[in-house]
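Tertiary structure, described
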Amino acid sequence: SPRLFVYDLPEHTSLILQYRAGRNVCTPRAFTFSNTTDWNGGYAYTVDVALHEALLRSPHRVASPDDADFFYIPTYLSCAILP
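Residues numbered from 1 in each chain as written. Predicted model: local features only at pLDDT ≥ 70, side-chain atom pairs only at ≥ 80, totals over all residues. Heavy atoms only, no water.

**What to know about the pattern of salt bridges**
Opposite charge on two side chains permits them to pair, given that their charged atoms come into close proximity. Convention followed: We define a salt bridge as a side-chain nitrogen of Lys or Arg found within 4 Å of a carboxyl oxygen belonging to Asp or Glu. The numbering of helices and of strands both runs from the N terminus, where a helix is a DSSP run of H or I of at least 4 residues and a strand a run of E of at least 2. Exposed residues in this analysis have more than 50% of their type's maximum accessible area, buried residues have under 20%, and partly exposed residues fall in between, with area computed by a 1.4 Å probe over protein chains only.
One pass over the structure, following the stated rule, counts two salt bridges. The closest approach of N and O atoms between Arg3 and Asp69, which form a salt bridge, is 3.3 Å. With Arg3 in the segment before β1 (4-6) and Asp69 in the loop between α2 (47-56) and β4 (70-72), this pair connects stretches of sequence that are 66 residues apart. Judged by relative accessible area, Asp69 falls into the partly exposed class, the value being 38%. Of the charged contacts, one joins Glu53 and Arg29 as a salt bridge, the two residues approaching to 2.8 Å between their closest N and O atoms. With Glu53 in helix α2 and Arg29 in strand β2 (residues 29-31), this residue pair connects regions lying 24 residues apart in the sequence.

Rendered as structure tokens:
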């Protein structure tokens, strides 16, 4: 079974999410004031975030890069084109 190591978010990526244009930009979902999930309907520029979240939940994820066969470095490049 393949083993995957997911690196932490780089600082610039965290800043992109912190200062994004709106709550539904660069995220596949947002939370409403009543604490329910509001899905954005499959907006293409959220695929990086959705993939990252899925890999974080993967049963193939390992805690150490020494144990991994594959590596994922989250960059959220599609979010960088937005203001």
